[in-house]
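Summary of structural features
Next come the chains, spelled out residue by residue.
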Amino acid sequence: MDKPQIIQLPKIVDPRGNLSFFEFPKQIPFAMQRVYWIYDVPGGEIRGSHAFKEQNEFIVALSGSFDVILHNGIEELKFSLNRSYYGLYIPKMLWRKLENFSTNALALIASDCKYNDQDYIRDFDTFLSYKK
Ligand code: TYD
């Protein structure tokens, strides 16, 4: 999968409360090595604004809402995440930022790589030159 895409997740509806999940390889196309989450984001703040050379990700809005803005080197793509029963798969080498966080937004990010600062491309012009 070399394109970003929304992946619908199972939703086990139950009067006691609903339950969703994802696992490799049924729902997401990579084996997870790391999970992290972004929360308590002050209004108007932007997270991300970088690309990864090798890391693939899957992002779910576990609570609240936010937008994921992607750039593939040619055009920008916007995905609004606001439900906990779907997520956005983001393959490597896409510029991405998270913005427009609602109050109490909780972004869960699953990754197929351990944290590695060397995997980040933090300059947009450098990203564009990699894409050419
Ligand atoms: P970073 O990915 O740069 O966040 P953002 O792009 O939203 O600003 O991460 C911020 C800091 O957190 C960075 O200095 C390193 C640290 N960090 C870890 O130590 N482990 C992790 O898994 C992540 C995602 C970040």
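Relevant structure appears above.
Around the ligand sit Arg 34, Tyr 36, Arg 47, Gly 48, His 50, Tyr 115, Tyr 120 and Arg 122, and that is every residue in its neighbourhood. For the ligand, an oxygen atom lies 2.9 Å from a polar atom in the backbone of Gly 48. Here an oxygen atom of the ligand and a side-chain polar atom of Tyr 120 are 2.5 Å apart. When the free accessible area of the ligand is taken as 520 Å², the share hidden by the protein chains comes to 59%. Listing elements by their share of the shell around the ligand, those giving two or more residues are β4 (34-38) and β5 (47-52). Looking at the shell around the ligand, the element that brings in the most residues is β5, giving three residues. By residue class, the composition of the shell around the ligand is three nonpolar, two polar and three charged.

This next bit is on the pattern of salt bridges. A complete count under the given rule lists seven salt bridges for this structure. Note that Glu 54 is salt-bridged to Lys 92, the shortest N-O span being 3.2 Å. Of the two residues, Glu 54 sits in the loop between β5 and β6 (57-63) while Lys 92 sits in the loop between β9 (86-90) and β10 (95-99), which places them 38 residues apart along the sequence. What makes Glu 54 partly exposed here is its relative accessible area of 45%. Lys 78 is the salt-bridge partner of Asp 67, the closest N and O atoms lying 3.7 Å from each other. Of this pair, Asp 67 sits in strand β7 (residues 66-71) while Lys 78 sits in strand β8 (residues 76-81), placing them 11 residues apart in sequence. A relative accessible area of 8% means that Asp 67 is categorised as buried. In this structure Lys 78 comes out as exposed when scored by relative accessible area, which is 57%.

Membership of the largest hydrophobic core comes to 18 residues, with the highest contact counts inside it found for Phe 66, Val 68, Leu 81, Leu 98 and Phe 101. Those residues in contact with Leu 98 that lie beyond four places of it in its chain are Ile 38, Glu 45, Ile 46, Arg 47, Ile 59, Phe 66, Asp 67, Val 68 and Ala 107. Ile 7, Ile 28, Phe 58 and Tyr 89 belong to the second largest nonpolar core, which has 10 residues in total.

This part covers the packing of aromatic side chains. Enumeration over the complete set of coordinates arrives at nine aromatic pairs. On the numbers, 6.1 Å between centres and 75° between planes, the contact of Tyr 85 with Tyr 86 is edge-to-face. These aromatic residues form a ring-pair network of at least three members: Phe 52, Tyr 115 and Tyr 120.

Scoring rules and cut-offs
- Residue numbers run consecutively from 1 along every chain, following the written order of its sequence.
- Totals for whole chains, interfaces and linings use all residues, but because this is a predicted model, local features are given only for residues with pLDDT of at least 70 and pairs of side-chain atoms are given and counted only at 80 or more.
- Water and hydrogen atoms were dropped before computing side-chain values, which therefore reflect all heavy atoms in the structure.
- Whether a residue is near a molecule or strand depends on its heavy atoms: if one lies within 4 Å, it is near.
- Any pair of nitrogen or oxygen atoms within 3.5 Å is treated as a polar contact; in protein, a donor-acceptor pairing is required on top of that, and neighbouring residues in sequence qualify only through side-chain atoms on both sides.
- In short, Shrake-Rupley with a 1.4 Å probe defines the accessible areas, and a residue's cover is counted only from the protein chains shown.
- What counts as a helix is a DSSP run of H or I of at least four residues, what counts as a strand is a run of E of at least two, and both are numbered from the N terminus.
- Classes in brief: Ala, Val, Leu, Ile, Met, Phe, Trp, Tyr, Cys and Pro nonpolar; Asp, Glu, Lys and Arg charged; the others, Gly included, polar.
- Each salt bridge in this description consists of a side-chain nitrogen of Lys or Arg and a carboxyl oxygen of Asp or Glu lying within 4 Å of one another.
- Burial here depends on accessible area, computed with a 1.4 Å probe over protein chains only, as a share of the maximum for the residue type. Under 20% is buried, over 50% is exposed, and the range in between is partly exposed.
- Side-chain atoms within 4.5 Å link the members of a nonpolar core, which is a set of buried Ala, Val, Leu, Ile, Met, Phe, Trp, Tyr and Cys residues.
- Here, two residues are considered to be in contact whenever any of their heavy atoms come within 4.5 Å of each other.
- Two rings from Phe, Tyr or Trp (for Trp, the six-membered ring) form a pair when their centres are within 6.5 Å of each other. A pair whose planes differ by under 30 degrees is stacked, one over 60 is edge-to-face, and the rest are tilted.

Keep in mind these values describe shape, not function.
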